[in-house]
Amino acid sequence: MTEFDTVIHGGRVATASDLFDADIGIIDGRIAAINENIAGGGRRIDATGKLVMPGGIEAHAHIAQESSAGLMTADDYYSGSVSAAFGGNSSFIPFAAQHRGQSIADVIATYDGRAAPNSVLDYSYHLIISDPSASVLEELPGVFARGITSFKVFMTYDLMNIGDGGMLDILTVAKQHGALTMVHAENNDMLKWMNKRFAAAGLTAPKYHAVSRPELAEEEAINRAVSLAKLVDAPLFIVHVSTSGGAAIVQREKLAGTKLFAETCPQYLALTRDDLDRPGMEGAKFICSPPVRDKATQDALWRHVQSGTFESVSSDHAPYRFDATGKFANGADAPYPKIANGMPGIAMRLPYLFSEGVVKGRITLQQFVSLSSTGAAKTFGMAKKGAIAPGFDADIAIWDPEACRTATLADQHDNMNYSPFEGMQIEGWPVLTMNRGDIIVENGELKADRGRGRFVPRKPVDLTGKPGYRAKELDPAQNFGAEIAP
Ligand code: DUC
Ligand code: ZN
Ligand code: ZN
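In this text the structure is predicted, and so the values were computed from the model without any measurement.

Those places that UniProt annotates as "modified residue: N6-carboxylysine" (unreviewed entry) correspond, in this numbering, to K152. With respect to the helices and strands, the residue K152 is situated in strand β12 (residues 150-154). For K152, a relative accessible area of 1% puts it in the buried group. If we skip the residues at most four places from it in the chain, K152 touches H60, H62, F95, L127, I128, I129, M182, H184, V239 and H240.

Within the open sheet, the seven strands sit side by side as β3-β2-β7-β17-β18-β19-β20. Their pairing is mixed. Either end of the sheet is taken by a strand with one partner, and the two such strands are β3 (19-21) and β20 (445-446). Bridge count for strand β18 (residues 425-435) against strand β19 (residues 438-442) is four bridges, and the pairing is antiparallel. Across the sheet, residue L432 finds its bridge partner in β19, namely E442. Relative to the sheet, helix α11 (residues 349-359) contacts β7 (51-54), β17 (396-406) and β18, its axis offset from that of β18 by approximately 125°. Across the sheet, helix α12 (residues 365-379) is in contact with β2 (12-14), β3, β7 and β17; its angle to β7 comes to roughly 35°.

To continue, consider the state of the cysteines. Counting across every chain of the model gives zero disulfides. C265 carries a free sulfur, and the closest cysteine sulfur to it, the one in C288, is 8.0 Å from it. By relative accessible area, which is 3% here, C288 ends up buried.

Under the present numbering, the feature "domain: Amidohydrolase-related" (unreviewed entry) in UniProt falls on residues 51-439. Between the C-alpha atoms that bound residues 51-439 the distance is 16 Å, and the span itself is 36% helix and 17% strand.

The rules behind these values
- Residues numbered from 1 in each chain as written.
- Chains lettered and ligands numbered in written order.
- Predicted model: local features only at pLDDT ≥ 70, side-chain atom pairs only at ≥ 80, totals over all residues.
- Heavy atoms only, no water.
- UniProt positions renumbered as here; feature names shortened; annotations may be inferred.
- Helix = DSSP H or I, 4+ residues; strand = E, 2+ residues; numbered from the N terminus.
- Buried < 20%, exposed > 50% of the residue type's maximum accessible area, 1.4 Å probe, protein only.
- Contact = heavy atoms within 4.5 Å.
- Pairing = 2+ DSSP bridges.
- Axes fitted to C-alpha atoms, helices over the stretch in contact; angles between N-to-C directions.
- Disulfide = S-S within 2.5 Å.

Shown next, in the form of C-alpha cells:
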C-alpha cells in the first residue's frame, strides 16, 4: 500500500472546473492521489463538512517595498506571508520595485534578502521597472532566465511613469522572452491637472482623492496601454481595474482576441468614495489608487467578475499604518496627495470574495477557485500550483463554508492598525492552509517557521486562444501596409 505523508479525508473538493467528494493523499509535498476512502497516512486531516480547494495565490501585493517617495510598507515578508496564509493563500507574488538609477541585479538581490529568510509561503516577484534604460533592458533576459516572467510599469506618478515610448520598449523586450507586462493605467497629466486645481481651491481633504482621479483618467490610460500593446502584439495585464468603462475595454478587446489579461480587487467591489468622506481624517484609511468609486461601478464590476472579464481578484495589499509611520508620514493634516497611497487586505481578499461572491450567489464555487488561485497560476506561469491534481504542489486551503464572523483587525495577522473591511459580516472562512504539504495555519494558529517559503521560478505566459493583433505597418508579411501594384 502507498504510504502517504498526509491524507485529507471526508471533504468536498472544489476546483476551477469541478466539485466532488474525495480524499487527497500527499507525498513529499505533492498531491499523489485523489480518490475515495484513502487509507493510512502519517497524518490524517478530517475535512468532513468542509470545502477543500487550491490554496489562494495572491498575485498583487506590496510587501517590504519602498514607495517611490521612500516610504516602507508596514508588512515585511514574514507578516505579509503570515497574513496571506491566515486568509487562505498558499503562495503569493509581491513586487520587487526598481527605483530610478538602480540596476535590476540590485533590485532582485534586495528582495531576495527580504523574502528568503522571512516568508512562510512560497513566493515569486513581479519586477517593477521605473527606468527602462538601455542597461536595464539588457539585464531583463537574465531576469526571465531566473523565472521572473512578469513586471509592472506605471503610466502615472512622476517618479514611476515611463512614458509611452518606454512602455513600447518594455512590451517589446517582454514579448521576446514570453514575459507579461502589467500596467497601472491612469493618465498622469489629467491627475496632475486636477490636483493643481484642487490645491488652488483648498480642497485637500481625503474625499477629494477620489474626485481628483476621475474614471476617465483610467479609461483613457487603459485604452492607450492596450493600443501600445497591440502595436507590438505583446501581452498585457491591466492591474486593479476600478471602473466600468475600463472593464468594458478589457472585455471588448478580449473578444477581439487581443493578448489581454486583467484583475480587479475587493476594495472596488466593497467600498465607495463615501468611505473617503468619513469624519476627520478617517477617510485616509481608504485612499488607494485608482480610487474606490460608487455603487453603480461596484455593480458593473461584479458583472464583469461574473462574466469572465478578469483572470483574478487580487488584494493590492499596500499596507500603510494609520499613523505617522504610514498614512501620515507627511503630517496628521496632510493634503490628500501627500497621504500614503494604498490599503491592506491580503487576509480578507478570499473571505470577502467567498462571502459576497459564492454565498450570495453571484459566482460559482468554481469561479471562486479560478479567481482566487487557478487564474493567477495560469496567467503568471506557476506550473505546479493553483489546482488539485496529481503531481501538483499540495497547496491547499480547507474552508468551513458555514463559519460566520464579523471581520476584525485581529483576524488580519498583519502589521496594520486598521482594516478597511473591519465590521463586515463574512460567511465562510479558511480553517487550514497548506503549502507543499506543510500546514501553515490551522484553526487560527500559525504552524510554520519563518523562512520556510521557497522562491517559485515561473514559466512564460500562456497565450493559447489569444491570436493577438498584427499592425500592418510593422508586418513584413503585409508589406508594412504599403499597397502592392497588381
Ligand atoms: N498602485 C498599486 O498597485 N498599489 C498601490 C498604489 C498604486 O499606485
Ligand atoms: Zn498600481
Ligand atoms: Zn498595487
